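Read off the chains here:
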Amino acid sequence: MKVSITSGRAEGPTKLNAFDNALLDAKIGDINLIKVSSILPEGTEVVPVPKFPPGDMVNCVLAYTSSDVEGDLISAAVALATSDYFGCVVENTGINRDPEDVKNEAESMVRYMMDIRGLNINEIKIAYESHIVKKQGAVVASVVYIG
């Protein structure tokens, strides 16, 4: 299986528009996202985000948050870890938290998930985004399953 890891941020006139704009920024705005839990199959390869056909149904792990409070610092992160057997993905978000803490917490959580399963980590990849809200902001981070 192939997966891509991506993130985006944006403003919009409404919460939904800000979310949609953040998805567009992450290059996954023209597809239908189906949220799944956090296991990657054996042999997963991380590749750049492909150009999906508009309207495609795509599985993903998605971290998302938004705010309409001017000056709020919003953050979203996903972390994935692979092993020789299978892998794990986690998502994390924060409002008015240090973005590095949100990112580091995601990494810590994915390391724990691998450790509790007795898996030796081959690789960790992290995507994260932060944004200072002007009127209505949104951030997303996602691992999308390509197939």
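So, how was this worked out
- Residues numbered from 1 in each chain as written.
- Predicted model: local features only at pLDDT ≥ 70, side-chain atom pairs only at ≥ 80, totals over all residues.
- Heavy atoms only, no water.
- Pairing = 2+ DSSP bridges.
- Helix = DSSP H or I, 4+ residues; strand = E, 2+ residues; numbered from the N terminus.
- Contact = heavy atoms within 4.5 Å.
- Axes fitted to C-alpha atoms, helices over the stretch in contact; angles between N-to-C directions.
- Core = buried A, V, L, I, M, F, W, Y, C linked by side-chain atoms within 4.5 Å.
- Buried < 20%, exposed > 50% of the residue type's maximum accessible area, 1.4 Å probe, protein only.
- Salt bridge = Lys/Arg side-chain N within 4 Å of Asp/Glu carboxyl O.
- Expected span 1.5 Å × (residues − 1).
- Arc of directions from axis to C-beta.
- Polar contact = N/O pair within 3.5 Å; in protein donor to acceptor, adjacent residues only side chain to side chain.

Undergrad: How would you explain the sheet that holds strand β2 (residues 32-35) if you had to name every residue and give the values?
TA: Here five strands make up an open sheet; going across it, the order is β2-β5-β9-β1-β4 and the pairing mixed. Each edge of the sheet is formed by a strand with only one pairing partner; in this case those strands are β2 and β4 (45-46). Each of β1 (2-11), β2, β5 (57-67) and β9 (137-145) touches helix α1 (residues 15-25); the most contacted strand, β1, lies at about 135 degrees to it.

Undergrad: How would you sum up the nonpolar core? Please name residues and give values.
TA: Counting 16 residues, the largest nonpolar core has V78, L80, V89, V143 and Y145 as the members making the most contacts within it. If you list the elements that add at least two residues to this core, you get β1, β5, β6 (73-82) and β9.

Undergrad: Kindly report on the pattern of salt bridges, identifying the contributing residues and their values.
TA: Enumeration over the complete set of coordinates arrives at five salt bridges. R9 is the salt-bridge partner of E129, the closest N and O atoms lying 3.5 Å from each other. Taken as a pair, E129 in strand β8 (residues 123-132) and R9 in strand β1 lie far apart in primary sequence, 120 residues in all. R9 gets classed as partly exposed once you look at its relative accessible area, which sits at 42%.

Undergrad: Can you lay out helix α2 (residues 99-116) for me, pointing to particular residues and giving the numbers?
TA: The terminal C-alpha atoms of α2 lie 26 Å apart, and with 18 residues this matches the ideal 26 Å at 1.5 Å per residue to within 8%. Turning to α2, its buried residues are P99, V102, K103, A106, V110, M113 and M114. For α2, the angular spread of buried residues about the axis comes to 110 degrees, placing them on one side. Away from its buried face by more than 90 degrees, α2 exposes Y112, D115 and I116. For α2, the N-terminal capping position is held by D98, with its side-chain oxygen 2.8 Å away from the main-chain nitrogen of E100. Immediately beyond the C-terminal end of α2, within one or two residues, lies G118, with a positive phi of roughly 70 degrees.

Undergrad: Residues and numbers for the sheet that holds β6, please.
TA: Taken in spatial order, the four strands make up an open sheet running β3-β7-β6-β8, and their pairing is antiparallel. The open sheet has two edge strands, β3 (39-40) and β8, and neither has a second partner. Note that β3 and strand β7 (residues 87-95) share two bridges and pair antiparallel. Note on β7: the bridge partner recorded for I39 is C88.

Undergrad: Which residues make up α1, and what are the values?
TA: Every buried residue belonging to α1 is among A18, F19, A22 and L23, and all of these are buried. The arc that holds every buried residue of α1, seen down its axis, measures 140 degrees, which confines them to one face. In the core, the buried residues of α1 are packed alongside β1, β2, β5 and β9. Positioned one or two residues after α1, K27 has a phi angle of 70 degrees, which is positive.

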